[in-house]
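# Architecture at a glance
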Amino acid sequence: MDVFLMTLTTGIMVGGIYALIALGWVLIYKCSGVLNLAMGELTLIGAYVSLSFYSMGVPFLLSLLFSLIIGFVLGVLTERIFLDRLIGEPILSVIMVTVGLSFFFKGIVELIWGTDTRVFTPAVFPLEPIQIGPLVIGQVYLWSFVAAILLLVIFVGFFQYTRWGLAMQATADDEMAALSLGVSARFVYATAWAIAFMAAGVGGTLLGNINGLNISVGYLGLLVLPAVVLGGLNSVPGAIMGGIIIGVLQNLAGAYLDKYFPGGVKEIAPFVFMVIFLLFKPYGLWGWERIERV
Amino acid sequence: MSTTFLPCSVYHEDYTQDHAWWQTKFVRGKMILLFLLLFVVIPPFADAYVMSVCNQIGYTILGALGVQLLIGYCGQVTLGHAAFLAVGAYTSTLLVLEFPWPKFLLDWGLAYPISIIIAAIVAGIWSVLFGLPSAKVKGFYLILTTMAAQFVTVDFVIAQYVSKIGGRGQAFSLPPGTIKIGPWVIDSDRKVYFMMLVLVILCVIGLANLLRSRAGRAWVAIRDNDISAEVMGINVVKYKLLAFFVAGFIGGIAGAFWISNLAAISYEHFPWFWSLWLVGVILIGGVGSIHGAIFGAIFMVVVMEGLQLAVMPLADTYPKLLIYFLFIKEAAFGLAICAFLIFEPNGLAYRWWQIKNYFNLWPFSY
């Protein structure tokens, strides 16, 4: 029972980070209809940038802030240079551009930072675990979870209460209507990419704090894809729930199924679960069901 | 885009002429010249390096054909095709190495050819298994299930279980002389080259013929609008699964062929990168045309080899460049895909089609 509770809490904590990255993904999809397969690389970039600043001696929060700023700039640039020209092109082209971008970013990251595992030194979060009732939780997980939840709240608040956030919601809902009300769609697309870069950067930094940082963190970033599919492609609460479900599922699979299927069951469990889930609910938990007509 | 204009003064009087593959004497001459070039002219003059590049092109073509069928003709985007190549390669290897073949089959050198066919069928069935969700989901949801195919097959089933069959560790080594077809032992790039030519030609002819049959027309109808296709009486699920089967079948052939070129086979030969690479190949070559798969494969392999040749001489002065080359290659590939999609969304095959039409209509282009 203890093991169960432990894996459950760890799963929820890691799931919070996935939820954060998934939120960035859903945002791009909702605003501009782009299915972004480069999310893993976005997490990598953000994580490496903040790690570089941190190892130069900049305080952690400040380096996170720098990585947010650089993420913002990169996001706007990416949208302007690559995605802006593809508005109205077939969906496969847009998806494949993001695949091309993911290769490009990955190559650049490997060129600049190499492929060795790097860790945040000195450790950002204290190493001693914290005891809450019967649970023992590593502080990294706890603080990451707190940070992820905090950012989620900030993002949701941004969408609910600020002028820009409302403009983005309007564009996501009905692009034509938003345009006629004076919302600049191009501005909204650029902001969506910038926010996705920033969310992925924070997520990547937190993930990098847990197990060190190398290219495989990009693979963890890829895990947001099952998360968003689970929640439904265009649902913000779905992304958050999906992220947490994937985190829990991954850890439970690692704890219980590893005996029967030794090896990488932890990595593939989310994908297998997703395929089976899709057979029963083809649009995820809260995705819009598309009614198609000829 | 598929129809080319006929040259001036060529008229068709019945349907057999209309359906002929080589509609004019010029085309027939051109194709015969092409075959001569491939079979007679290139082999004596090419050294081992050129041969190996050619083999790589052939392997890429075989892999890309299946992707082209799924994406370009049936509209089912797949990002996990390397999984089916891996299934083909591993099935063929296991059959050749572990299966107790009857003595006379071994003597006649039929073990490997039979294993190719079985590998293709197994890969096809495996592909159908992962195509099953396509009955219910489409678009991005389907892309994710094909990605799952890649991760489940290569990173889990093959890496963790299949690789360990027979107490082996990571890789299956293929002792020299195990790969033989009839009396010929496939042991040099030159022999692999001829085998590659035969397989590519067979697959291209087979696929091209399939595409102008009922199945091919059904696939195109599903790609263009699956609901209208269903209304017209096409069994959408059946034809989607058939497309997955044929794509997996060709992928299996590709994988089983590629083991003849390798000394050892490991799951690292079939990474997710390779799946995406194949999709990139058809995007650069042109979606929805067999020419596209061929042009894309030639272009990508030649450009990457050229890049390597350009980098190699510099490696003496900058030894780090060799390590970085892999990363540069990745970044260049990514940029190439983006650039092609932005500036040349129809791919190389479209240019080829334009050139052909230009000369067919010349000098009266109106």
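In this text, all values refer to a predicted model and were calculated from it rather than measured experimentally.

## Focus: the overall build of chain B
When helices and strands are counted, chain B shows 15 helices and four strands. Its C-alpha radius of gyration of 21 Å places chain B within 12% of the 21 Å reference for a compact globule of 366 residues. Based on the C-alpha atoms only, the size of chain B along its principal axes is roughly 65 × 55 × 45 Å. Counting the 366 residues in chain B, one finds 43% classified as buried. Partitioning the intrachain contacts of chain B with sequence separation of at least 6 by distance along the chain shows that 79% fall at a separation of at least 24.

## Notes on the overall build of chain A
Counting its secondary structure elements, chain A contains twelve helices and two strands. In sequence order, chain A lays out its α and β elements as α-α-α-α-β-β-α-α-α-α-α-α-α-α. The C-alpha radius of gyration computed for chain A amounts to 19 Å, which stays within 12% of the reference 19 Å derived for 294 residues, consistent with globular compactness. Projected onto its principal axes, the C-alpha coordinates of chain A cover approximately 55 × 50 × 35 Å. Within chain A, the fraction of its 294 residues that count as buried is 50%. Counting only contacts in chain A whose residues sit at least 6 apart along the sequence, the fraction spanning at least 24 positions is 74%.

## Topic: the interface of chain A and chain B
At the interface, 38 residues of chain A touch 35 residues of chain B. Taken together, the elements giving at least two residues each to the side of chain A that touches chain B come down to α4 (91-113), α10 (224-231) and α12 (265-280) of chain A. For the side of chain A that touches chain B, a count of residues per class yields 26 nonpolar, six polar and six charged.

## Details of helix α15 (residues 347-361) of chain B
Residue and element names in this part refer to chain B. Taking 1.5 Å of rise per residue, 15 residues should cover 21 Å, and α15 covers 22 Å from first to last C-alpha, within 8% of that figure. Those residues of α15 that sit buried are G347, L348, A349, Y350 and W353. Looking at the buried positions of α15, the neighbouring elements they touch are α12 (272-285), α13 (290-315) and α14 (320-343).

## Notes on the confidence of the model for chain B
Residues and elements named next belong to chain B. When pLDDT is averaged along chain B, the result is 86, and 98% of the positions lie at 70 or above. Here strand β1 (residues 172-173) stands out as the least confident element of chain B, with mean pLDDT 78; helix α11 (residues 236-258) is the most confident, with 94. Across the predicted assembly, pTM comes out at 0.88 and ipTM at 0.82.

## Regarding α13 of chain B
All names here are of chain B. With 26 residues, α13 should cover 38 Å at 1.5 Å per step; its first-to-last C-alpha distance of 38 Å lies within 8% of that length. Listed as buried for α13 are I290, H291, G292, A293, I294, F295, G296, A297, M300 and V301. Those residues of α13 hidden inside the fold are in contact with α3 (48-73), α8 (189-211), α12 and α15.

## Overview of the packing of α12 of chain B against α15 of chain B
A pair of packed helices is characterised by two quantities: the angle between their axes and the separation of those axes. Residue and element names in this part refer to chain B. Across the interface, α12 lies against α15 with an axial gap of 3 Å and an inter-helix angle of 25 degrees. Relative to α15, the element α12 is oriented roughly parallel. On α15, the residues touching L283, I284 and G285 of α12 are G347, L348 and A349. A class-by-class count of the residues in the contact of α12 with α15 yields four nonpolar, two polar and no charged.

## A short note on the environment of A148 of chain A
Residues and elements named next belong to chain A. Looking at the element boundaries, A148 is found in helix α5 (residues 139-161). Among the residues examined, A148 registers 27 C-beta atoms within 10 Å and is labelled buried. Those residues in contact with A148 that sit more than four places away from it in its chain are G16, I17, A19, L20 and L206.

## Observations regarding the packing of helix α1 (residues 2-32) of chain A against helix α11 (residues 236-257) of chain A
All names here are of chain A. At a minimum axis separation of 6 Å, α1 and α11 run at an interaxial angle of 140 degrees. Between α1 and α11 the crossing geometry is right-handed. Partitioned by chemical class, the residues of the contact of α1 with α11 number 19 nonpolar, ten polar and no charged.

So, how was this worked out
- Residues numbered from 1 in each chain as written.
- Chains lettered and ligands numbered in written order.
- Predicted model: local features only at pLDDT ≥ 70, side-chain atom pairs only at ≥ 80, totals over all residues.
- Helix = DSSP H or I, 4+ residues; strand = E, 2+ residues; numbered from the N terminus.
- Rg over C-alpha atoms; globule rule 2.2 N^0.38 Å.
- Buried ≥ 20, exposed ≤ 12 C-beta atoms within 10 Å, placed from the backbone.
- Contact = placed C-beta atoms within 7 Å.
- Nonpolar A, V, L, I, M, F, W, Y, C, P; charged D, E, K, R; others polar.
- Expected span 1.5 Å × (residues − 1).
- pLDDT = per-residue confidence, 0-100.
- Axes fitted to C-alpha atoms, helices over the stretch in contact; angles between N-to-C directions.
- Parallel < 35°, antiparallel > 145°, perpendicular 65-115°, else oblique.
- Left-handed = near helix turned anticlockwise from the far one by under 90°.

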